[in-house]
Amino acid sequence: MSPASFSPSGLPASEPAQHRGILARVHMDLPLLTGLLLLCAYGLVILYSASGENLAQMERQAMRLLIAFGAMFFLAQVHPHTLRRWSPWLYAIGVGLLLTVLVTGVIGKGAQRWLDLGFMRFQPAELVKLAVPMMLAWYLSSKPLPPNWKHLLLSLLLLVVPVLMIARQPDLGTAILVGCSGLFVLFLAGISWRLIIALGMLAAAAAPALWYLMHDYQRARVLTFLNPESDPLGAGYHIIQSKIAIGSGGVYGKGWLNGTQSQLEFLPERHTDFIFAVLGEEFGLMGILLLLAIFLFIILRGLYIASQAQDSYSRLLAGALVLVFFVYLFVNAGMVSGLLPVVGVPLPLVSYGGTSLVTLLAGFGMLMSIHTHRKLVPK
Amino acid sequence: MSGDLNFKDYRREGRLFTYRAITAGVLVVMLLGGIVGRMVYLQVVDHEHFTTLAQDNRVKLIPLPPTRGLIYDRKNRLLALNRPAFNLEIIPEMVPELEKSLLELEALIEIRAQDKERFYKLKRQKRRFESIPIKLDISQEEAALFAVNRHKFPGISIKARLTRTYPQKGLMAHVVGYVGRVSLKDLRSIDASNYAGTTYIGKTGVEKSYEDVLHGKVGLQQVEVNVLGKTVRVLEETPPQPGRSLRLNIDMDLQRVALDALGDVNGAVVAIDPRTGGVLAMASKPGFDANPFVEGISSKAYKALQEDPDKPLFNRTLQGAYPPGSTIKPFMALAGLEMEYLELKEKIYCLGFFQLPGHDHKYRDWKKTGHGPMDVDAAITQSCDVFFYQLAHEIGIDKLEQYLKKFRFGEKTGIDLIGERTGIRPSREWKRERYKQVWFPGETVIVGIGQGAFETTPLQLAAATAAIANGGHYLEPRLVEEIVDESTGEVRPSDTREHTIPVNNHNNWDEIRKSMVHVIEGPRGTARHLQNEHYRIAGKTGTAQVFTVKQDEEYDESKISKKMRDHALFIAYAPVEDPQIAVAVIVENGGHGGATAAPVAKLVMDAWLLEDGGKTPQIKHVVAAGETD
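Because the structure is a prediction, the values reported are computed rather than measured.

A. Representation of the overall build of chain A within the structure. For chain A, the helix and strand inventory stands at 14 helices and 2 strands. Counting the 379 residues in chain A, one finds 54% classified as buried. Total accessible area computed for chain A in this model is approximately 16100 Å², and 70% of it derives from carbon and sulfur atoms.

B. Geometry of the domain arrangement of chain B. All names here are of chain B. We note that the domain assignment places domain 1 (62-248) and domain 2 (252-614) within chain B. In this structure, domain 1 and domain 2 have C-alpha centres spaced 44 Å apart. Taking both sides of the interface into account, the surface hidden between domain 1 and domain 2 amounts to around 3200 Å²; carbon and sulfur atoms contribute 58%. On the domain 1 side of the interface with domain 2, the three residues burying the most area are L171, H174 and R247, jointly 24% of the side's total. Two residues, E295 and R161, come together in a salt bridge whose shortest N-O distance is 3.3 Å. Listed by contribution, the elements that provide at least two residues to the side of domain 1 that touches domain 2 are β5 (156-165), α6 (173-176), β6 (179-181), α8 (205-209) and β12 (245-248).

C. Local environment of the interface of chain A and chain B. With 59 residues of chain A in contact, the opposing surface of chain B contributes 41 residues. Of all residues in chain A, A:L264, A:F266 and A:R315 bury the most surface against chain B, accounting for 13% of the area lost on that side. For the pair chain A and chain B, the number of links is 0 salt bridges. Broken down by secondary-structure element, the contributors of at least two residues to the side of chain A that touches chain B are α5 (124-141), α6 (149-167), α7 (172-189), α8 (193-213), α10 (236-249), α11 (260-263), α12 (275-308) and α13 (312-336) of chain A. Of all the elements, α12(A) adds the most residues to the side of chain A that touches chain B, at 12 residues. Of the residues belonging to the side of chain A that touches chain B, the class tally is 33 nonpolar, 20 polar and 6 charged.

D. Representation of a negative patch on the surface. All names here are of chain B. Together, E340, E343, E346 and E394 make up a region of like negative charge exposed at the surface. The residue E340 is located in the loop between α14 (329-338) and β15 (348-350) in this model. On the basis of relative accessible area, E340 is assigned to the exposed category, the value being 64%.

Quick notes on the rules
- Residues numbered from 1 in each chain as written.
- Chains lettered and ligands numbered in written order.
- Predicted model: local features only at pLDDT ≥ 70, side-chain atom pairs only at ≥ 80, totals over all residues.
- Heavy atoms only, no water.
- Helix = DSSP H or I, 4+ residues; strand = E, 2+ residues; numbered from the N terminus.
- Buried < 20%, exposed > 50% of the residue type's maximum accessible area, 1.4 Å probe, protein only.
- Areas by Shrake-Rupley, 256 points an atom, 1.4 Å probe, with all protein chains shown as cover.
- Domains from an automatic or database assignment.
- Buried area = accessible area lost by both parts, 1.4 Å probe.
- Salt bridge = Lys/Arg side-chain N within 4 Å of Asp/Glu carboxyl O.
- Contact = heavy atoms within 4.5 Å.
- Nonpolar A, V, L, I, M, F, W, Y, C, P; charged D, E, K, R; others polar.
- Patch = residues over 30% accessible without salt bridge, like charges linked within 9 Å, V, L, I, M, F, W, Y side chains within 5 Å.
- Lys, Arg positive; Asp, Glu negative; His and termini not counted.
- Charge placed at Lys NZ, Arg CZ, Asp CG, Glu CD.

Here it is, written out as structure tokens:
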């Protein structure tokens, strides 16, 4: 490995061809990889405390990370053109699987999110998280941008179908994430600001209608979000305890493994959706700022990669994936700190759990592929 | 798709994307700034508020109840102690199948319906992971049976605790009293925080009047709990301060002698050490066993005690108010002498009745034929009524009442027990308040022989007798001799109080005491059968009328029912030369005091003054409390 391979170190500058090292040859982007590894390592430190020093859980999470990084590595090798060709097929498979889940769910008379493949449980929604932005990027990239009305409406249709199917499962969190990924493609494709404002107003108008479509537990979550103290032992309990955990952490935190809210289990779902509160309690504001800094670095690097991409498909896909990653963070942090209602969105790459981990890192694999497969035309 | 002209401007698209990407980046930074702002608000601005909440979540205060002090008699024999008892308790959260476990448990140990009822009631009230009793105070056999089968019952265990027990059963119930579970009513009159975790509180007797001494101070344990309420570790502990113990003046043996001496009849005996005011015996018959009250007596058993015509729950020594009858005569005579209405050798001729000037009504003497000429000594010794009718009339009710007040008749003696009755010391004021009527001179006459509205308690009589014996030092009776701190061994004597009775002429007191000796030693003394060769007694017999005999009618004991028969009274102190014990005895419906009450007093004095409780007729030296050797 030549020392030059480390030289870019995340600086937003495209590397000259002669400086490409081993990492670039295996289609890894060093700054992004560094950011992701840092985040995952930080996440494992928090998880060790959040799981109650459960080594078995740590092992499982490490295994998942390994698999997820494997998926990232694999996808980084796939040329963006190939990705583009896969897009409509992946979308079709994804929607087909969603339909299967819905049907079996109806038969099983209950909420169902996964397919039992015998050796593992597979959540089609995770596939759709990638397939939807791929599909929209594929569709729009072949059209002149910004898209016209016809293309826009068709794109929205392509988006709404899987989103509604996921919302029916019901999985509000994933539905929001998938919906956002599609909207981000549209935003990056350059739809006019007037249209964005109009869509926003339409969404606001649709909110009451959405209320009637929601399940009781979803309504309860929204109501609880608006006034958590109204139900301190029921649905509001999560938010109250999580705010207490974060707030009592103060600037420097109570110290690793010393958070009373998390270690004595007052904090519900401390190792999954509410792991952010464990961080806030044990490492304080400083720990949170460090986490957010890593996130910001990854996101900015991702946006830079997107802006350097050489074709519309790559740009739109890369940009949407990065922004969805941010939405994960924002919804999770907002929910845990009582800014947003409780929707089941994990803290990306930190929360304990498998499927979203693989999807997220697979997405970053695509980003790396996009960045490292550029034709380097000397200017 | 087909209509597309593929008029794509790649440059423009690239610029547009870059512009949008930058916009998105700015939005991301702004929104992250919002998150940071929220964190600053929670972790810096509101930090203290949330720290308090987190602390409230994790720290639980567990009160550590103090061990209750013990109660001893004067010879350190236990009258009240804390016995370990075993409860069968369940932590419902730790029992996989509660109903099934309960059924299996019932097959092993008898569980009554009321036990289960209480269990389910408590289960609704208690916090999670709290232990709830299913059966209180299980027997040794039951405990052993459960221990063998323990593995079958996860979440069910035997919990040891302390319960109060009174080994002397009925002997001391009126004196020691009993504790019971702390009630809501109790909580209003005490510092509730000091009783957090305390099961029992004194309800009657010494247990009640010395509650603050016996109870001690509650301790506190700060523990860290998890979300289930389970204790994780102890953070801080302030140990409880155990209650202090009491050593009573009462002698258990003497108390037993007193109760036995009363035999099958209802009555009361109070024995006081005239040198200290210490109560040596305080017996009220019939008694009751206090032990069932500790865990809560069944309503059936309680009703039976309450409705018993002999009133076993009633402490006759200080709640029973009886006319003092002739036992008041030494006090009357002393009043006459000290206030100079009477001279020692002055004689009154007793015709068998007394008439107020200008009135026809005859106030009869118990001796129909009359006693003939009587001086003070003869009047006391032979208990002549006419002499005292005349004397009372001469003194007048106002002066008489004032003098009797000095001996605290009609006043609380001030004994260290709650629930003492004052009795009635008749006066103009009393009558006006009670009946809204004026006083008649005839009422003064019968007060002279301790009848009419006059009512005293046996305790008052004993304390007043002690004051005669010691020459005017009225000492408030004390049950508790010392308060003992078992942990430090520190002993504090109970506070005593004296009400001095002014002495005009010591000779008067000496003469009255002599007359009281003549009651026993004189040839015509009403209690001359008490005379013995071992020690000398001074006393006075009395008979209290329950039933008023109509004018010119005969009192025929055999004709009236037992309940209407006169009460027999006797007061005494001994030895005459160095009084060590003053006794008051009342035998309800016992007839004449000399016949039934005096022998009871004799047995008590024998037990106290003679070696081997009177079996060896030899005088012993009794050391008073506080006196060193």
